[in-house]
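Residues per chain are reported as follows:
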Amino acid sequence: MRYTFCLLLLVLTSCESLVNTIPEDQLPQGDPQLTMFCYISPQDTVIRAKVSRSSPAFGEYNSGGQSYFLDNGDTIRTNQPLATATVAISDGQTTVNLPYQKRNQTFEIPVSQFPIRAGQTYTLTVTEGGQKAQATCTVPKNQVPVKSYTLDSMIANRAGSTRMVYVTNFTWDDPAGAANYYRVNVYEVIDAPTFRLNQADNKYYEYRQTFINNYRVDRNNFRSAFQNDKNLDGTTFSSPQFESYSSLSEYNRIITVDGKPVFPSRPAERVGIFLEIYNVDAPYYEFHRSLEDYNGDNPFTEPSLIYTNVKGGLGVFASYNRSVKVIKP
Amino acid sequence: MRLSFTCFALFLTQFAFGQSQFTISGFVREAGSQEQLPGVNVYVPGTPYGVVTNTYGFYSLTMPASDTLRLHYSFVGYEKAVKELNFNKNMEINVQLTGVNQLEEVTVSARRQEDYESRSSQMSKIEIPISQIKKVPAFFGEKDVMKVLQLMPGVQKGTEGQSGLYVRGGGPDQNLIILDDAVVYNASHLFGFFSIFNSDALKSVELTKGGFPAQYGGRLSSVLDMNMKEGSKEKFSGEGGIGLISSRLTLEGPIAKGKSSFLVSGRRTYIDVLAAPLIASQQSDQVDKIKPGYYFYDLNAKVNYDFGQKDKVYLSGYFGRDRFYANETGPNVESRNGLDWGNATATLRWNHLFGQKLFVNTSLIASNFNFGVSAYNKEISRTGGLDDEFSLEYDSRIRDFGIKADFDYYPNTKNAVKFGAQLTAHRFVPSALAIQGSFTNEAIKRSVTPVNAIETGLYVQDIWQPFDALKMNVGMRLSTFQTESKTYFRPEPRFSAALRLAQDFSFKASYARMNQYVHLLSNTGLGLPTDLWVPTTDRVNPQQSDQVAFGFAKDLDRPALTLTWEGYYKNMDQILSYKEGASFLSLSGDNANELSWEDNVTAGRGWSYGTEFLVQKKTGRLSGWVGYTLSWTKWKFPELNFGETFYPRYDRRHDVSVVGIFELSKRVTLSSTWVYGTGNALTVPLGHYTAYSDNATSLMPGAGSLNWYGQGVNEYGPKNSFRAEPYHRLDVAVQFHKKLKRHERTWEFGIYNAYNRRNPFFYNVGREEVSNTTAQPNGSYTSKTVLQRVSLFPFLPSFSYNFKF
């Protein structure tokens, strides 16, 4: 009888939940680390760095008025910018501090005050609260130009209506004898009419405004916007197919005044289509690829790790050398 | 061919001595069923003369003449037979061994153990009698060969409940699993919780972890060789069982008495059948009825014909399938969705005897594995318009045709030679997708070009005993793999030796090189059917391993124990893994000109070393074993963990298993197993931060804002730097046997995880609200991020009814 009772007890306890929380003292320990993100280029006008500190993965958390956003249904807090950090960039000879800019919550300095040169190695150092994080990158030597391109128009179904859009792809020659990494990008600049109400006479006046239309990589294309020359050194590379998602006619604003439509005197015009080749360094490529592959928490797949080249911290300090080809259809 | 063979034979007979020698040969069979017995020791006590029967029960011994020769035939689980002969001419002696009935086994206590581990030159080999497999406690009472093998040192399980074998740091894809000479690609049912092998249909199970004989090749880590029973040639009989998960039935009997017999064995689960009325009654008030279900079944069949002493023919086959389905029917909707996979194998074998010394088996082999996803959905228009139809078919398959000839040649006392050749034609269709429907603009047909490949193997090996205390197996296998435009040619030297140091005490050493030309891509580590078999190609190299092992073996008489201790080091090159973040359905990659799995894989190196200790007692009232493994496995992939060395998920420092079977009385058998293993190496988050990527889209000129995109990401530290909690579990079972008028029955009651240990199946990052949640002024709240352990199987009782007639 006693044994029957013991057995029953065993069976009952087995009905408990199969999900158990791991006690805090058995959790993996991760101390908060400095994080920094900074991309430099001879073609950019400003050097910017985002600096923060990571938070432990586990433990109590008070949202206490901090900013957070949703990611996959989980609340993810954004890390507070560390306005008190010291951020310094050095080219080995000169070192300057980047002052904190409240508007973007970044540390910034114009390139005019600290030039970025191709082939030069730079070091970014962040110190805050006794912690120090440092990373180094070397700006790629060459601007790699577009070798050839194709431009076609296509009738496509976009957001429920049929439009004529441009599709383009292009090639470039990989400089032989060096490891190269690339990122490619396409956008068009549109000079479009717009109408603004003048409060003084309560009349509409026509103005011109510049718009940027970013092209997107065709999803059925298995070539990526990120490529490298491993096993392909010195060969000709091809970009994925880029497609515009809006047509020029969408930029022609028509307003209605006194029940009558008013057309712009001059329709929207395409200033040019910009084909960009970023000759990026390895940290730039590895970081962006690892972020593309990032799959978050899924117990059934191996988590992918986010690349970092920061010693004593997390994040990335990377560079690129960009070439642009402007085509006017 | 004939000439070279003659030369070869001549060369070997050079070893013959001046003294007059004769040959004795024949077959060893089981009394009653006439089942041929492999692995039987045939020897003359007190002399170095001895041999082991081959897979087909054949033996051949060449010895000096003797007036009073006492030849012993012994095999675990059978009564020993002794033949007294006036050995002065060549003889053919067929022997029948009587099986020790499990009810009588109790009375045969402390029988002298005859299969001395210390006498064999083979090391790192595990043989488990089927009768023992049937007594070990099993998950849900389903007896499983693979799960019993997991209890041996050097062989590990993956996660909770999985049947895959991890042998000496190798993955479950690195095991050559052969059933009657046919390679089985996916050995798991129900996502790996059960293996596809029905132990009722099996005659022998043998696992080799190292020191591989030259006749095997094609996988890096182990050879699991299984042979199906032939079926009794004397009388019609059957056995079967009814369990919680499935029922099984095996029938065997003579077709022409003494000449030919058959065996048919089937097994099917019935959760779907039992649950169907329940699901239907719950949906009785609904318009659209959904019928979900899952089942698996397998079928083994074998027939054979005995043309006499010289020729025998066997035809055997396996067919098994798993299927998940969910069908919906209603006035406006009709849908059928399914997921199914399975293996099919067929083998035709012909044994032929050239004289007394040369035995030949020729096999024709076919093997097929396929995995499919199918979805069909139709929405019937109420207004009489066009119906909406959609269908999706995904298919991945591998198909082999092979031919193989194996020769066993026994030229003289000191040599036993095996040689042979094998040719396999593979055809791989790694994935094919077809989508059709009225709401996609055009039908999508995406299919990877099938890859055809030819794999060949040519081998020769000699078990050579130059003097009494030293026995060695020297072999060479030449393997080739022809794929796309490339042909890989890889020689594989093999060597193993046993040196007797004292009475029943040997030192053993071995070296083996193995090549693997087919690869399994898995991003889960579970035995999911989505795991993809792919071939070696122009770009993807074969995997290659080198293993050295050494150890000691000691046999004791009283108690009848075998003690083995082995150490090994294994290097594995060009092993494949998915790149981080890649998986089977989302095939995309950089630098790719077309959709290709080759862009999603990355090759690296792995190495494993460790030591294994085993004490085994195969006979007696109390039988079982204690095994302990201490091992390390490490991986280094240029494209994983940023090129740093890491522990793969199933690296296991300590692994212990204790198995005990006790015959309490003629009618009651008690059994128990206890296992302990270091936790898996996993990657869990350590911290959290926002990663800012360069968006590379252009902004309005002069906008001045930041063109970066912030994404919350986890910091994991180095890959697999977190250790799961150790796994341990106790299983117990009791069997009640009874012989009734017409049949014999066994009731079995078992408990899985008897002390209800919460073993980790996986870890999950979850959130818990902190209980004293009071609204704070700014509307914030307090919560907690926690790590949760998810367990799968708590204390699980089971029972089954088994019968035999």
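Per-chain numbering applies: the sequence of each chain, read as written, is numbered from 1 onward. Chains and ligands are labelled by the order in which they are written, letters from A for the one and numbers from 1 for the other. Per-residue local features of the predicted model are confined to residues with pLDDT of at least 70, and side-chain atom pairs are confined, for both listing and counting, to 80 or more; whole-chain, interface and lining totals are unaffected and use all residues. Hydrogens are left out, water is left out, and the side-chain values use all remaining heavy atoms of the structure.

Brief notes about the overall build of chain B
Applicable threshold: The way it works is that DSSP assigns letters per residue, a run of H or I at least four long becomes a helix, a run of E at least two long becomes a strand, and they are numbered from the N terminus. The criterion used for residue contact is that any of the two residues' heavy atoms lie within 4.5 Å. Per-residue and other accessible areas were derived by the Shrake-Rupley procedure at a 1.4 Å probe size, with only the shown protein chains allowed to occlude residues.
Scanning chain B from N- to C-terminus turns up five helices and 48 strands. Taking the intrachain contacts of chain B between residues at least 6 apart in sequence as the baseline, contacts between residues at least 24 apart amount to 67%. Accessible surface, chain B: about 31,900 Å² in total, of which carbon and sulfur atoms supply 59%.

A closer look at the domain arrangement of chain A
Residue and element names in this part refer to chain A. Cut-off, in case you're wondering: A domain assignment, automatic or from a database, supplies the domain bounds used here. Reported buried area values correspond to the accessible surface (1.4 Å probe) lost by two parts on association, with both partners' losses combined. For this analysis, a salt bridge means a side-chain nitrogen from Lys or Arg found within 4 Å of a carboxyl oxygen belonging to Asp or Glu. Polar contact is defined as a pair of N or O atoms within 3.5 Å, subject to the rule that within protein one atom must be able to donate a hydrogen and the other to accept it, and that residues adjacent in sequence are counted only when both atoms are side-chain atoms.
Taken as a whole, chain A is organised into domain 1 (30–140 + 283–320) and domain 2 (148–278). Here domain 1 and domain 2 share an interface that buries about 660 Å² over both sides, 69% of which is from carbon and sulfur atoms. Area buried by domain 1 at its contact with domain 2 is led by Tyr284, Tyr285 and Tyr320, which between them contribute 67% of it. Taken together, the connections running from domain 1 to domain 2 amount to zero salt bridges. Where domain 1 packs against domain 2, one counts two residue pairs in polar contact (both at pLDDT 80 or more). Broken down by element, the side of domain 1 that touches domain 2 gets its largest block of residues, five residues, from helix 2 (residues 282–293).

Quick notes on the domain arrangement of chain B
Residue and element names in this part refer to chain B. Under the convention used in this document: Here the term charged refers only to Asp, Glu, Lys and Arg, the term nonpolar to Ala, Val, Leu, Ile, Met, Phe, Trp, Tyr, Cys and Pro, and the term polar to all other amino acids, Gly among them.
Partitioning chain B into domains gives domain 1 (21–99) and domain 2 (125–680 + 797–804). Its C-alpha centre places domain 1 at a distance of 32 Å from the equivalent point of domain 2. Across the domain 1 to domain 2 interface the summed buried area is about 2,500 Å²; carbon plus sulfur atoms make up 50%. Summed over the shared surface of domain 1 and domain 2, the number is two salt bridges. At the boundary of domain 1 and domain 2, one finds 15 residue pairs in polar contact (both at pLDDT 80 or more). Here the side of domain 1 that touches domain 2 takes seven residues from strand 1 (residues 21–30), the largest share from any one element. A per-class count over the side of domain 1 that touches domain 2 returns eleven nonpolar, 14 polar and three charged.

Details of the pairing of strand 38 (residues 654–663) of chain B
Residues and elements named next belong to chain B. Definition in use: Only when DSSP finds a minimum of two bridges between them are two strands counted as paired.
When strand 37 (residues 622–636) meets strand 38, the two strands line up antiparallel, connected through nine bridges. Looking at strand 38, one finds that threonine 629 is bridged to aspartate 655. Note: strand 38 against strand 39 (residues 668–677), nine bridges, orientation antiparallel. Of the residues in strand 39, the one forming a bridge with isoleucine 661 is serine 671.

Some details on the sheet that holds strand 6 (residues 81–87) of chain B
Residues and elements named next belong to chain B. Our working definition: Each axis is a line fitted through C-alpha atoms, taken for helices only over the stretch in contact, and angles between the N-to-C directions span 0 to 180 degrees.
A sheet is described by the order of its strands in space; here four strands give the open sequence 3-2-5-6, paired in antiparallel fashion. A single partner strand is all that each edge strand has here, and the edge strands are strand 3 (50–52) and strand 6. Across the sheet, the mean angle separating the axes of adjacent strands is 20° when strand polarity is ignored. Sheet analysis places strand 2 (residues 41–43) next to strand 5 (residues 66–74), joined by three bridges and oriented antiparallel. The residue bridging asparagine 41 from the neighbouring strand is serine 74, located in strand 5.

Structural notes on empty space enclosed by the protein
Residue and element names in this part refer to chain B. Test applied: Buriedness for pockets is judged along seven lines, at least five of which must meet protein on both sides within 12 Å for an open set on the 1 Å grid over protein atoms alone, while cavities are sets there where a 1.4 Å probe fits but cannot get out, and lining residues have an atom within 4 Å of a point. Grid points are joined across faces, edges and corners, and a volume is the space filled by probe spheres set on the points.
For the structure shown, the criterion picks out 14 cavities of 30 Å³ or more. Its boundaries defined by the atoms lining it, the second largest cavity holds a volume of some 550 Å³. Along its surface, the second largest cavity is lined by 39 residues, and Ile178, Asp181, Gln215, Lys404 and Gln422 are the ones closest to its centre. Of all the elements in the fold, those that place two or more residues in the lining of the second largest cavity are strand 12 (175–179), strand 13 (182–183), strand 17 (222–228), strand 24 (358–379), strand 25 (388–412), strand 26 (415–437) and strand 28 (451–467). The leading source of residues in the lining of the second largest cavity is strand 25, at seven residues. For the lining of the second largest cavity, a count of residues per class yields 14 nonpolar, 14 polar and eleven charged.

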